[in-house]
Amino acid sequence: MAPADVTYAVTGATGRLGGRVARRLAAAGIPQTLLVRTPARAPELPGATAVEGAYGDRDALVRALRGTDRVLMVSASESPDRVHQHRTFVDAAAQVGVAHLVYISFYGAAPDATFTLARDHWHTEQHIRASGLPFTFLRDNLYADFMPGLVGEDGVIRGPAGDGRAAVVAQDDIADAAVAVLRDPGPHTGRAYELTGPQALTLTEVAATITSVTGRPVSYAPETVEEAYASRSGYGAPDWELDAWVSTYTAIADGSLAAVSTAVQDLTGHPATSLEQVLRVQTGLAPQS
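Please read all numbers here as calculations on a predicted model, not as lab measurements. (Residues numbered from 1 in each chain as written. Predicted model: local features only at pLDDT ≥ 70, side-chain atom pairs only at ≥ 80, totals over all residues. Heavy atoms only, no water.)

(A) Local environment of the overall build of the protein chain. Helix and strand counts for the protein chain stand at 10 helices and nine strands. Taking 2.2 N^0.38 as the reference for a compact globule, 289 residues should give roughly 19 Å; the C-alpha atoms of the protein chain span a radius of gyration of 19 Å, in line with that estimate. Taking the principal axes of its C-alpha atoms as reference, the protein chain extends roughly 55 × 45 × 35 Å. Residue burial in the protein chain is summarised as follows: out of 289 residues, 50% are buried. A fraction of 73% describes how many contacts in the protein chain between residues 6 or more apart in sequence connect residues 24 or more apart. (Helix = DSSP H or I, 4+ residues; strand = E, 2+ residues; numbered from the N terminus. Rg over C-alpha atoms; globule rule 2.2 N^0.38 Å. Buried < 20%, exposed > 50% of the residue type's maximum accessible area, 1.4 Å probe, protein only. Contact = heavy atoms within 4.5 Å.)

Quick look at the structure:
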């Protein structure tokens, strides 16, 4: 149990993951500051105070974080300057002497990661290490919750993933892990945890699971890398974003996302949630015992 005088701040509270963490802290009776771009959009939670704190605004961040002990840093929205925004946030946290920073990173973050956005996370991690802030990195695999979003209108998942696997992880499990570390950061200081689901799945297996749970016929059709770029070129997205979309699949193909860890259970005390269980909750079905 955290001391009563410990102060908490949560970023990304208007989003899916930060919002989950904020709601869990509120349910536990823990006061918190919610750092958001637009305070009026912040969730209304018992004991929560919303303050303005955009990642790129160092002055606002310094004001918002002053006197805060433990901070959840959810990565900023994908953009060409995301690493710069992250560095600004970290510098503000270091300036005011935050006691512990929990950063939501990405599985296998590395400077040469196949998934291009995982490189951003590696650079952010390096900046946090250099800042001297006590930290914990939670490196999420792909979100199990987002797997239905890969399905096209025709019921087909398309991408150059081959027969590779990904150990997709539930956002609720990530939130439980984050709260566990925030409430008792000592044992986790300086550590990085790879958060995964209980098994690594091919996209054929993902499609079959979606079909089984929802009743909607879904299949997987492999593409070549060239076909993947061509099929997505009509969206008008910048090159960096196209690279991110396609490399999501190539990271599955080359095994970058396949290893299964015990980190969720180690941190939360409960087993990691399967894709089937996530989908049953999404569709309003009773979880299977």
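(B) Summary view of helix H4 (residues 116-131). Helix length check: H4, at 16 residues, gives a terminal C-alpha distance of 24 Å against a target of 22 Å (1.5 Å per residue), a fit within 8%. Listed in full, the buried residues belonging to H4 are Thr116, Leu117, Ala118, Asp120, His121, Thr124, Glu125 and Ile128. Considering only its buried residues, H4 is in contact with strand E4 (70-74), helix H3 (82-96), strand E5 (100-106), strand E6 (135-140) and helix H8 (239-253). (Expected span 1.5 Å × (residues − 1).)

(C) How the structure looks around the sheet that holds strand E3 (residues 48-52). Across the sheet, seven strands lie side by side as E3-E2-E1-E4-E5-E6-E8; this open sheet has parallel pairing. Whereas interior strands pair on both sides, the edge strands pair on one side only; in this sheet they are E3 and strand E8 (191-195). In this sheet, neighbouring strand axes are inclined to one another by 20 degrees on average, regardless of whether the strands run parallel or antiparallel. Bridging between E4 and E5 involves five bridges; their strand directions are parallel. Bridging across to E5, valine 71 finds its partner in leucine 101. (Pairing = 2+ DSSP bridges. Axes fitted to C-alpha atoms, helices over the stretch in contact; angles between N-to-C directions.)

(D) Examining the packing of helix H7 (residues 225-232) against H8 more closely. Between H7 and H8, the least distance of the axes is 10 Å, while the angle of their chain directions is 140 degrees. The angle between H7 and H8 places the two elements in the oblique class. Between H7 and H8 lies a crossing of right-handed hand. Residues Val225, Ala228, Tyr229 and Arg232 of H7 lie in contact with H8, whose contacting residues are Leu242, Asp243, Trp245, Val246, Tyr249 and Thr250. Of the residues belonging to the contact of H7 with H8, the class tally is seven nonpolar, one polar and two charged. (Parallel < 35°, antiparallel > 145°, perpendicular 65-115°, else oblique. Left-handed = near helix turned anticlockwise from the far one by under 90°. Nonpolar A, V, L, I, M, F, W, Y, C, P; charged D, E, K, R; others polar.)

(E) Focus on the side chain of aspartate 173. If you trace the backbone, aspartate 173 turns up in helix H5 (residues 171-183). No salt bridge is formed by the buried aspartate 173, whose closest oppositely charged neighbour, arginine 24, lies at an N-O distance of 6.9 Å. Residues contacting aspartate 173, with those up to four places away along its chain left out, are Val264, Thr268, His270, Pro271, Ala272 and Thr273. (Lys, Arg positive; Asp, Glu negative; His and termini not counted. Salt bridge = Lys/Arg side-chain N within 4 Å of Asp/Glu carboxyl O.)

(F) Structural context of the environment of serine 231. Along the polypeptide, serine 231 turns up in helix H7. Judged by relative accessible area, serine 231 falls into the partly exposed class, the value being 40%. Between the C-alpha atoms of serine 231 and glycine 159, which are 72 residues apart in sequence, the distance is 9.4 Å. Among the polar contacts made by the side chain of serine 231, one reaches the main-chain carbonyl oxygen of alanine 228 at a distance of 3.0 Å. (Polar contact = N/O pair within 3.5 Å; in protein donor to acceptor, adjacent residues only side chain to side chain.)

(G) Representation of the nonpolar core. Among the nonpolar cores identified, the biggest contains 33 residues, and Val21, Leu72, Leu138 and Leu195 are the most heavily contacted of them. Breaking this core down by element, the ones donating at least two residues are strand E1 (8-11), helix H1 (16-27), strand E2 (32-36), E4, E5, H5, E8 and helix H9 (263-268). In terms of residue count, the dominant contributor to this core is H5 (seven residues). The residues touching valine 21, leaving out its near neighbours within four places in the chain, are Val10, Leu72, Ala175, Ala178, Val179 and Leu182. Among the nonpolar cores identified, the runner-up in size contains 32 residues, and Phe106, Ala110, Ala170 and Val213 belong to it. (Core = buried A, V, L, I, M, F, W, Y, C linked by side-chain atoms within 4.5 Å.)

(H) Broad picture of the packing of H1 against H5. Orientation of H1 relative to H5, taken along the N-to-C sense of each, is 50 degrees, at an axis distance of 9 Å. By the angle between their directions, the pair H1 and H5 is classed as oblique. When you trace H1 past H5, the crossing you get is right-handed. Contacts from Arg16, Leu17, Arg20, Val21, Arg24 and Leu25 of H1 reach H5 at Gln171, Asp172, Ile174, Ala175, Asp176, Ala178, Val179 and Leu182.

(I) Expanded view of H8. Over its 15 residues, H8 extends 21 Å from the first C-alpha to the last, a length consistent with the 21 Å expected when each residue adds 1.5 Å. Of all the bends found along H8, the most pronounced is centred on serine 247 and spans about 30 degrees. Within H8 the residues assigned to the buried category are Leu242, Ala244, Val246, Ser247, Thr248, Tyr249, Thr250, Ala251 and Ile252. Of the residues one or two after H8, glycine 255 is the one with positive phi, at around 85 degrees. (Bend = angle between axes of the 7 residues up to and from the residue.)

(J) A look at the pattern of salt bridges. Per the counting criterion, the structure on display carries 11 salt bridges. Among the salt bridges present, the one from arginine 232 reaches glutamate 223, with a minimum N-O distance of 2.9 Å. Across the pair, exposure class does not vary: arginine 232 and glutamate 223 are buried alike. One salt-bridge network, in which partners are shared between bridges, spans Arg20, Arg24, Asp145, Asp172 and Asp176.

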